[in-house]
Amino acid sequence: MLGWRVIRTQDVEIPKSSLIELEHIKTGARYIHLANDCQENVFAVALKTVPGDATGVAHILEHTVLTGSKKYPVRDPFFSMLKRSLQTFMNAFTSSDWTAYPFASPNKKDFYNLMSIYLDAVFFPNISKLNFLQEGWRYEISDDKLQIEGVVYNEMKGSMSSPDRRMEEAIMAATYSESPYHINTGGDPEMIPNLSHDDLVAFHRKFYHPSNAYFYTYGNLALGDNLKMINENVLDHFERASGATITAEKRLKKPKTMNYTYPIASAESMRKKSQVAVSWLTCSATDNLEVFSLELLEDILIGNAASPIKKTLLDSGLGTDLCDASGYESESLDTRFVLGLRDADSEAAEKIETLLMDTLRDLVDNGIDTELVEAVVNSNETRKRYISNSPYPFGLQVFLDMVAPWIHGGVASEVLQFETLLKIIKERIASGGYFERLIKKYFLENTHRVLVIMSPDKNMQDREDAQLSQQLERKLLALSDDARKEVVEQKTALDNLQAGKEDLSCLLSLALSDIDRSIEKVQADESSSDGLTSYDKDSYGLLYLIASFDVSGLDAQLNKLIPFFVYLLPLMGTKKRDYESLAKKIDYLSGGISIAVQAINVFREKEYCKETVQMQIYCLQKNSQETVLLLQEIIEEHDFSDQERVKMLLMTLGAKYESSIVEQGHSYAAMKACSVFSRAAELSESWQGLEQFLYLKKLLADFKLDNGQKLMQELKILGDYFKTKALCGLVLIGNRENILNAKEASKNWRVSETSRENTFQKSENLRLAYITTTAVSFVAAACKVPDIRHEDAAALMVASKILSRGFVHNEIREKRGAYGGFARYDYLNGSWCFGSYRDPHIMSTLAVFAKAKGYLTAENISDKEVEEAIIAVSADIARPNTEIESAMKAYTRKIMNLGDETRQIFKDRLIVIKKENLIAVCQKYLRDNWQDYSVVVVSSKEKIRNANDQLQTTNYELEIMN
C-alpha cells in the first residue's frame with residue numbers, strides 16, 4: 001500500500017487497537033501504526049544512532065536539527081511551534097543507540113502541521129554553524145578570560161554533577177567495552193569541546209537516513225494519510241542506503257572489578273558515601289519473553305519490602321538504599337542487571353558482593369517464596385492494564401516500550417501481547433523452578449560480571465575546575481590574533497542571530513477559531529453525605545480507590561511529621577502481618593499503593609487551605625473487596641514498633657531526597673520561593689521541599705541521641721489520629737459492578753467530612769541559598785498574584801507563556817547557555833515564578849528576571865504572538881485525560897470548590913485577551929527589580945559565595961539554608 005509492504009497485523013487488547021507493521025519497499029524505512037479511538041494522536045520517528053566517542057555528537061545533533069530546516073528556515077521552529085500549537089507533548093530523546101523525535105496532539109490540523117515540521121527538521125535540517133555554537137559548545141572571551149558556553153555543554157555539566165548519573169555512566173563503562181554503550185552518549189563535558197561542526201554534519205549524513213528510520217503513529221487518524229505525508233515529504237527524495245549496525249558485546253570470560261570516583265563537598269563526611277554494585281550482562285533486547293521474565297525477576301528480587309535481595313542488602317546495615325541504576329535495563333542490545341548498595345564504605349565492596357552471591361545461591365538451592373512470585377505476577381498483570389497519560393501520553397509510552405527490541409531487529413509488537421507472554425511464564429512457573437533457573441543462568445553461571453565501586457573524592461571538583469581553568473588559560477595564550485578575532489566575531493554573530501526578529505510566517509499555525517471553547521465537565525455518579533463519591537468509568541477491569549484524610553487538626557510539630565508517617569505506613573507491618581507479608585499482600589491484590597500529602601487551596605471568600613493525605617490504590621475487579629479491607633487494615637492496625645526499621649527507611653528516604661535535589665533543583669528552589677505566599681504553598685514546601693529534607697536530617701541526628709524514642713511517640717500519636725479522626729472521603733472509580741463490591745466492603749469505614757479554618761500571615765520575601773555539590777545553578781524568583789477567580793488570571797497565564805517561551809528562553813538558554821528557563825503562573829495557588837535550570841549563572845539570571853516586565857510593557861510583542869500564546873495555554877488546560885484521570889481531577893476540583901462555571905469564565909476570558917491586557921497585568925504585578933521578588937538559589941558553595949561577593953555592598957545577600 002502506497003509503496004509500503006505489510007509485514008504483520010495484529011489486534012491489541014490494551015488499549016483496544018489494531019496494529020499494522022510495514023516496511024517501505026524503496027528505502028527500507030520501518031513503520032508501526034496503532035489504530036484506535038484515542039484522540040490524542042502520537043507521532044515519532046527514531047533513528048539508530050551509534051556515536052564513536054563521548055563528544056555528545058548524537059545529543060548535540062538532537063538539539064541542532066530542531067533549530068531550522070529546508071522548508072522552515074527559521075532560527076527555532078521547535079520552540080516557535082510550542083507557542084502556536086495545541087500539542088500535548090513535543091520533545092526529543094537521545095538514548096545510548098537511538099535518537100527519537102516524538103510529539104502528540106488531539107487536533108488533526110495541528111498534528112499534520114507538526115508532522116510536516118518534524119519530518120523536515122529531522123531529514124532536511126540546516127545544521128548551521130551558529131546553531132551548533134549555541135546548542136553544542138563555543139568559546140567566549142570575557143574580561144580577557146576564555147570560557148566555554150553552550151546549552152548541551154552546560155546541561156551535561158549539571159547532569160554529571162549528580163552522583164546517580166555518575167554511577168550510571170560508571171556501570172555502563174564497566175559493563176560494556178566494545179559496543180557503544182560504554183560511551184557517555186549525552187557527552188562528557190571534558191570531551192564535548194573536541195566536537196567540530198563538520199563532525200556533526202557528517203554524523204547526520206550517516207545516520208539520519210530513511211533506511212535507518214523507524215516511524216510510529218498512534219490514534220484515530222487514517223494510516224493512509226500518514227503514509228502519504230511521510231512519502232511526499234521524505235521518502236520520495238531518498239534511495240535505499242545501508243542502515244546502522246551495533247556490535248554485540250564480547251562476553252567476559254571471568255568477573256572483574258572497576259573503581260570510579262565522584263565529587264563530594266569538602267565539608268561532608270567521607271564515611272559511607274560510596275556506591276557498590278554488581279552488574280551482569282544478560283539477554284538480547286530482541287528476546288521479548290526473556291526480557292519480560294527478567295523484568296518480573298527484578299520485582300521478585302528488589303521490587304518490594306519482601307524481596308530477598310533488597311531485604312538482605314538493607315538489613316545488612318552496609319548501606320542505606322539500593323545503588324543508583326539498580327535493577328534490570330532492557331534498552332541496550334545486550335541487556336544488563338544491576339544489584340548493589342549506596343551510602344556504603346568502599347572497603348565493604350567484596351563483602352557486599354559475597355552477600356549478594358550467597359543470597360542468590362540460597363534462592364536457587366532452597367527456592368524463591370512462591371507467595372512472592374505469585375504476588376509479583378499478579379501485580380504486573382494489574383499494572384499492565386493501567387492506562388495513564390502521565391508522565392507522557394500513553395501512545396508515547398507504548399512507543400518507548402517497543403523501540404529497543406524494534407531497532408535491534410526483534411518483533412516489537414510482541415511487547416504489547418503481555419497476556420500471551422504472561423501465560424507462557426505462568427506455565428513455566430507452574431512446572432517449577434523457572435525464576436531459580438534464570439538466577440542460575442544470568443547471575444551464578446554468568447562470567448560477564450563486574451564489581452563497580454564508586455567512591456567520594458573531596459578534591460575532585462576543585463581538581464576538575466582547576467584543570468579546566470588551566471586548559472582555558474593555555475588555550476587563550478595559544479590563540480592567534482586571527483583566532484581571537486574569530487571567537488569575538490562568532491559571539492557577535494550569535495548575539496545578532498538571537499536578538500534578531502524573524503519572519504515566522506513560513507511556520508504552520510492554528511487560529512483561535514480552531515480552539516474548542518468548552519471545558520471538560522465530569523460529574524460524579526454518586527456523591528453521598530457520608531463522604532463517598534463514585535465515578536462509573538471504563539477502566540479495563542480495574543477499580544481505583546482514593547481515601548482522603550484530613551490532617552488540619554494537628555499541631556505544628558506533628559504536622560511536619562505527616563510525610564514521614566505516610567511514607568512509612570505501607571512499608572511497616574500491621575497487627576496481622578509483618579512488613580514482608582504486607583508487601584506481598586499489596587502486590588498480590590493491586591498495582592501498588594500511592595500516598596501523597598496535599599495542601600489544597602479551597603476557593604472561598606476567605607482564604608482556606610485543605611490539608612489532606614490521599615491514599616490511592618488500583619486493583620483487578622476480582623480483588624476489589626479484599627483490597628478495600630487491606631487498606632482498612634493498614635490504616636487502623638498499622639504497627640510501628642520496629643524502631644530499627646523506621647530508622648533504616650528514613651535513611652533510605654534521605655538518600656533519595658539528596659539525589660533528587662541535584663536533578664530537580666529548579667523545582668525545589670521555586671517551591672521554596674513561593675512558600676511565603678499562602679498556607680498551601682508553605683505547607684507544600686514544608687512537606688515536600690528543602691525544609692522537609694533539612695528536617696529529615698535533623699530527625700536522623702536526633703535518632704542517635706535518644707534512639708528514636710521521641711519520634712516513635714509522635715508517630716504513635718499520628719497513628720491514633722489517622723485511625724479515629726482523619727478519614728474524610730472515599731472515591732471509587734470503575735465500572736458499576738466494581739464500585740458496588742467496593743462500597744459493600746467499605747461500609748464500616750468511619751468517614752467524617754471536616755472543615756477546619758486556618759489562617760496564614762504572608763511572610764517577607766526570601767533571599768535564600770541552598771548549597772549542594774553541583775557544577776551549575778538553579779535560580780528562582782517569585783511573587784504573589786491573584787488566582788483563577790480574578791479577572792486578570794487569564795492575562796497572567798498568557799503573559800507567562802509569552803515570557804517563558806520567548807524572552808526568558810532567549811535570554812537564559814540561547815544567550816547564556818542554561819539548559820532551560822521559565823516563567824510560570826500557578827493559577828490555582830496564585831503565584832508567579834521565574835526560574836532557571838542547569839544554569840551556569842546566578843546574578844545575570846536574576847537580572848534577566850528583572851528585565852522581563854520591561855520587555856512586555858515596552859510592547860515588544862505582536863498581536864500574532866498573543867494569539868499563539870492563547871493557543872498554547874488552551875493546549876495546557878485542555879490536555880486530554882484518560883477516563884480515570886478525568887474522574888480523579890474532577891474529585892480534586894470538588895475538594896477545591898472549583899466549579900465548572902469558574903473554569904468556563906477563565907477560558908472565555910482567555911480567548912479574548914489582547915496585547916494591552918498583558919501590558920496592564922505586567923505593570924500591575926511584575927517587579928522592576930529582582931530584589932523585590934522572593935529569591936531562592938540552589939547551587940555550589942563557590943557559586944553562592946561569588947554571588948554574595950557581588951552583593952556585599954547591598955542588603956540583599958543570600959542567606960545560607962542549613
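In what follows, the accompanying structure is described. (Residues numbered from 1 in each chain as written. Predicted model: local features only at pLDDT ≥ 70, side-chain atom pairs only at ≥ 80, totals over all residues. Heavy atoms only, no water.)

1. Quick notes on the overall build of the chain
When helices and strands are counted, the chain shows 33 helices and 30 strands. Radius of gyration (C-alpha) of the chain: 28 Å, near the 30 Å computed for a compact globule of 962 residues. In terms of overall dimensions, the chain has C-alpha extents of about 80 × 70 × 60 Å along its principal axes. Here the chain holds 962 residues, and the buried ones make up 60% of them. (Helix = DSSP H or I, 4+ residues; strand = E, 2+ residues; numbered from the N terminus. Rg over C-alpha atoms; globule rule 2.2 N^0.38 Å. Buried < 20%, exposed > 50% of the residue type's maximum accessible area, 1.4 Å probe, protein only.)

2. Topic: the packing of helix 3 (residues 108-123) against helix 8 (residues 223-233)
Each pair of packed helices can be summarised by the angle the axes make with each other and by the distance between the axes. Relative to each other, helix 3 and helix 8 sit at 30°, their axes nearing to 10 Å. It follows that helix 3 is roughly parallel to helix 8 by the angle criterion. For helix 3 against helix 8, the interelement crossing comes out right-handed. Where helix 3 abuts helix 8, its residues Lys 108, Phe 111, Tyr 112, Met 115, Ser 116 and Leu 119 lie against Asp 225, Asn 226, Met 229, Ile 230 and Asn 233. Each residue belonging to the contact of helix 3 with helix 8 can be placed in one class, and the counts come to 6 nonpolar, 3 polar and 2 charged. (Axes fitted to C-alpha atoms, helices over the stretch in contact; angles between N-to-C directions. Parallel < 35°, antiparallel > 145°, perpendicular 65-115°, else oblique. Left-handed = near helix turned anticlockwise from the far one by under 90°. Contact = heavy atoms within 4.5 Å. Nonpolar A, V, L, I, M, F, W, Y, C, P; charged D, E, K, R; others polar.)

3. Considering the sheet that holds strand 18 (residues 532-536)
Strand order across the open sheet formed by 6 strands is 17-18-24-19-22-21, with mixed pairing between neighbours. Looking along the sheet, the strands with just one partner apiece sit at the ends: strand 17 (526-527) and strand 21 (590-602). For strand 19 (residues 542-550) and strand 24 (residues 727-734), the ladder comprises 6 bridges, and the chain directions are antiparallel. When the sheet's bridge partners are listed, Phe 549 is paired in strand 24 with Leu 727. (Pairing = 2+ DSSP bridges.)

4. Observations regarding the packing of aromatic side chains
For the structure on display, the rule yields 39 aromatic pairs. Where Trp 4 meets Tyr 31, the ring centres are 5.6 Å apart and the plane angle is 85°; that geometry is what we call edge-to-face. Taken together, the positions of Trp 4 in strand 1 (residues 4-12) and Tyr 31 in strand 3 (residues 30-35) put the pair 27 residues apart, joining distant regions of the chain. We note that Trp 4, like Tyr 31, is buried. When the ring of Phe 834 is compared with that of Tyr 933, the centres are 5.8 Å apart and the planes differ by 85°; the resulting orientation is edge-to-face. Of the two residues, Phe 834 is situated in strand 28 (residues 831-839) and Tyr 933 in the loop between helix 32 (915-925) and strand 29 (934-939); the sequence distance between them amounts to 99 residues. Here Phe 834 matches Tyr 933 in class, with each residue buried. Taken together, the ring pairs connect Phe 43, Phe 103, Phe 111, Tyr 112 and Tyr 118 into an aromatic cluster. Sitting above the plane of the Tyr 579 ring, Arg 645 keeps its charged end 3.5 Å from the centroid. (Phe/Tyr/Trp six-rings, centres within 6.5 Å; stacked < 30°, edge-to-face > 60°. Lys NZ or Arg CZ within 6 Å of the ring centre and 35° of its normal.)

5. Here's the deal with the environment of Asp 11
In this fold, Asp 11 is placed in strand 1. The exposed category is assigned to Asp 11, whose relative accessible area is 59%. Between the C-alpha atom of Asp 11 and that of Glu 791, which follows or precedes it by 780 residues, the distance is 50 Å. Not counting residues within four places of it along the chain, the set of residues in contact with Asp 11 comprises Ser 17, Ser 18 and Gln 417.

6. Section: the packing of helix 10 (residues 308-315) against helix 11 (residues 349-366)
Where helix 10 meets helix 11, the axes come as close as 10 Å, and the angle between the chain directions of the two elements is 145°. The crossing of helix 10 and helix 11 is right-handed. In this structure, helix 10 uses Pro 308, Ile 309, Thr 312 and Leu 313 to contact helix 11, whose residues at the interface are Ile 352, Leu 355, Leu 356, Thr 359, Leu 360 and Leu 363. Across the contact of helix 10 with helix 11, the residue classes break down as 8 nonpolar, 2 polar and no charged.

7. Here we look at the environment of Ile 439
Examined against the element boundaries, Ile 439 turns out to sit in helix 15 (residues 434-444). Linking Ile 439 and Val 50, residues 389 residues apart in sequence, is a C-alpha distance of 31 Å. Discounting chain neighbours no more than four positions away, the residues touching Ile 439 are Leu 297, Leu 301, Leu 360, Leu 363, Val 364, Ile 368 and Leu 444.

8. Comments concerning the pattern of salt bridges
Tallied over the entire structure, the rule returns 52 salt bridges. In this structure, the salt-bridge partner of Glu 21 is Arg 8, at a minimum N-O distance of 2.7 Å. A residue pair is termed long-range when its members are at least 10 positions apart, and Glu 21 in strand 2 (residues 17-24) and Arg 8 in strand 1 qualify at 13 residues. Between Glu 682 and Arg 679 there is a salt bridge whose closest N-O contact spans 3.5 Å. Here Glu 682 pairs with Arg 679, and both are found in helix 23 (residues 679-688), just 3 residues apart, close to one helical turn. Shared partners join several salt bridges into a network, and the residues in it are Glu 13, Arg 385 and Glu 419. (Salt bridge = Lys/Arg side-chain N within 4 Å of Asp/Glu carboxyl O.)

9. Focus: the state of the cysteines
With the rule as written, the count across this model stands at 0 disulfides. Cysteine Cys 728 remains unbridged, with the sulfur of Cys 609 as its closest cysteine sulfur at 13 Å. Among the residues examined, Cys 728 registers a relative accessible area of 5% and is labelled buried. The thiol of Cys 833 is not disulfide-bonded; the next cysteine sulfur, from Cys 674, is found 4.5 Å away. (Disulfide = S-S within 2.5 Å.)

10. A look at the nonpolar core
Leu 301, Phe 435, Ile 562 and Val 646 are the most contacted members of the largest nonpolar core, which totals 132 residues. When sequence neighbours within four positions are dropped, the list of residues in contact with Val 646 reads Leu 568, Met 572, Phe 640, Phe 703, Leu 711, Met 712 and Leu 715. The next biggest cluster of nonpolar side chains, apart from the first, holds 79 residues, and it includes Cys 783, Ile 842, Ile 861 and Val 873. (Core = buried A, V, L, I, M, F, W, Y, C linked by side-chain atoms within 4.5 Å.)

11. Section: the pairing of strand 4 (residues 41-48)
Burial of strand 4 is extensive: 8 of the 8 residues sit out of reach of the surface. A two-sided burial pattern is seen for strand 4, the buried positions comprising Asn 41, Phe 43, Val 45 and Leu 47 on one face and Val 42, Ala 44, Ala 46 and Lys 48 on the other. Looking at chain direction, strand 4 and strand 7 (residues 98-105) are connected through 8 bridges and run antiparallel. In the strand pairing of strand 7, Val 45 is matched with Tyr 101. Bridging between strand 4 and strand 10 (residues 213-219) involves 6 bridges; their strand directions are antiparallel. The partner of Val 45 across the bridge, within strand 10, is Phe 215.

12. Observations regarding the sheet that holds strand 30 (residues 959-960)
The 6 strands lie next to each other as 27-28-26-29-25-30, forming an open sheet whose pairing is mixed. The open sheet is flanked by strand 27 (820-826) and strand 30, the only strands paired with a single partner. Direction of pairing for strand 27 relative to strand 28: antiparallel, over a ladder of 7 bridges. If you follow Ala 823 over to strand 28, its bridge partner there is Phe 834. Against the sheet, helix 22 (residues 665-674) touches strand 25 (767-771), strand 26 (777-784), strand 27, strand 28 and strand 29, its axis set at about 30° to strand 26. Contacts from helix 27 (residues 793-815) reach strand 27 and strand 28 within the one sheet, and its direction differs from that of strand 27 by about 175°.

13. Things to note about unusual backbone geometry
In this structure, Pro 15 follows Ile 14 across a cis peptide bond, with omega equal to -10°. Residue Pro 391 follows Ser 390 across a cis peptide bond; omega there is 5°. With respect to the helices and strands, the residue Pro 391 is situated in the loop between helix 12 (370-383) and helix 13 (394-407). One non-glycine residue, Lys 272, adopts positive backbone phi at about 50°. Positive phi, close to 55°, is recorded for Asp 343, a residue that is not glycine. Mapped onto the fold, Asp 343 is located in strand 15 (residues 334-344).

14. A closer look at the side chain of Gln 498
For Gln 498, the position within the fold is in helix 17 (residues 481-499). A distance of 3.1 Å separates a polar atom in the side chain of Gln 498 from a polar atom in the side chain of Gln 134. Here Gln 498 is in contact with Arg 75, Gln 134, Asn 810, Glu 814 and Lys 815, once residues within four sequence places are set aside. (Polar contact = N/O pair within 3.5 Å; in protein donor to acceptor, adjacent residues only side chain to side chain.)

15. A short note on the pairing of strand 26
Across the 8 residues of strand 26, 7 count as buried, placing the element largely inside the fold. Direction of pairing for strand 26 relative to strand 28: antiparallel, over a ladder of 7 bridges. Looking across to strand 28, one finds that Ala 781 is bridged to Phe 834.

It is worth stressing that arrangement in space is one thing and function is another; only the former is reported here.
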